[in-house]
Each structure stands twice: as structure tokens, then as C-alpha cells.
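Summary of structural features
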Amino acid sequence: MSEVACEGLTNFYADRYGIEAVNVRIGWYMSEADLRTNTGDDVEPGRARFARSTWLGPRDCRDLFRRAALADLPESPVTVNAVSRNDERFYSLTETIRVIGYQPRDNAAETLAE
């Protein structure tokens, strides 16, 4: 509910006042330690898969918000997904890459293998 309300508000201000706005849909922001906790052997398999697919690591999160703040937007408002480069990702990053130039570097599977 809050996501819809906030996106509606940014859309209003972008349309009414010409403000450039980027709506960021954050997957699941977690540290590497939290990712390991949420994907451990004692975690329900569906929850563990969700954590691996929607993980947004701290480095990627920082990079994404920096790009969103500095992007020369082709239109406004825009809505982008914020997840890392996860093997099991189901959220598309196509628009995020196209609109703000985000290039995720972290991958839940690689992080968990370390």
C-alpha cells in the first residue's frame, strides 16, 4: 500500500511541477551476513529462494541510488527495480539498466559460495 501511495505522490509531483523522479522498488536489502542467515539449512526453502532471488547487496544499493540521483532521465517519473545480479533473479533489470545505467556487480549465489 505504501509503495503505491509513494509512487503516486512522485508521479503527481513529476507531472505537476516537472520534477525528475525515480521510483525505486527495492528487492530485499541485506548484508552478506543476513543473506547467509536467510538462506541457511534451517530456513524454509521458499524463503531461502526468495532471499537469493531478491537480494540487494550494500555495494549495489549504494551504486543504484547514486545512479538514480545523478541520472539524466529520458522521461519522468521512472520506476526501476533494485536487486543485485542474482542467478535466480525474477525482477527484470532491463529498465533499470536502460534508464539509469545501473550495472549490478553482486550475486547472491557467488556471495554464498565464498
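Remember, predicted model here, so these are calculated numbers, not experimental data.

Another aspect to go through is the packing of aromatic side chains. For the structure shown, the criterion picks out six aromatic pairs. The interplanar angle of 85 degrees and the centroid separation of 6.3 Å between the aromatic rings of Phe-12 and Tyr-17 together place this pair among those described as edge-to-face. Assessed through its relative accessible area of 53%, Tyr-17 is described here as exposed. Here Phe-50 and Phe-90 contribute two aromatic rings whose centre-to-centre distance is 6.3 Å and whose plane-to-plane angle is 40 degrees, an arrangement assigned as tilted. One end of the pair, Phe-50, is in helix H3 (residues 45-54); the other, Phe-90, is in the loop between strand S4 (78-82) and helix H5 (94-100), with 40 residues separating them in the sequence. Classification of Phe-50 by relative accessible area gives partly exposed; the value is 38%.

Here the focus is the environment of Asn-11. Looking at the element boundaries, Asn-11 is found in helix H1 (residues 2-17). In this structure the C-alpha to C-alpha distance between Asn-11 and Glu-95, which are 84 residues apart in sequence, comes to 17 Å. For Asn-11, the residues in contact, after removing those within four places along its chain, are Asn-23 and Pro-77. Reaching out from Asn-11, the side chain makes a polar contact with the side chain of Asn-23 at a distance of 3.5 Å.

Rules used in this analysis
- Residues numbered from 1 in each chain as written.
- Predicted model: local features only at pLDDT ≥ 70, side-chain atom pairs only at ≥ 80, totals over all residues.
- Heavy atoms only, no water.
- Phe/Tyr/Trp six-rings, centres within 6.5 Å; stacked < 30°, edge-to-face > 60°.
- Buried < 20%, exposed > 50% of the residue type's maximum accessible area, 1.4 Å probe, protein only.
- Helix = DSSP H or I, 4+ residues; strand = E, 2+ residues; numbered from the N terminus.
- Contact = heavy atoms within 4.5 Å.
- Polar contact = N/O pair within 3.5 Å; in protein donor to acceptor, adjacent residues only side chain to side chain.

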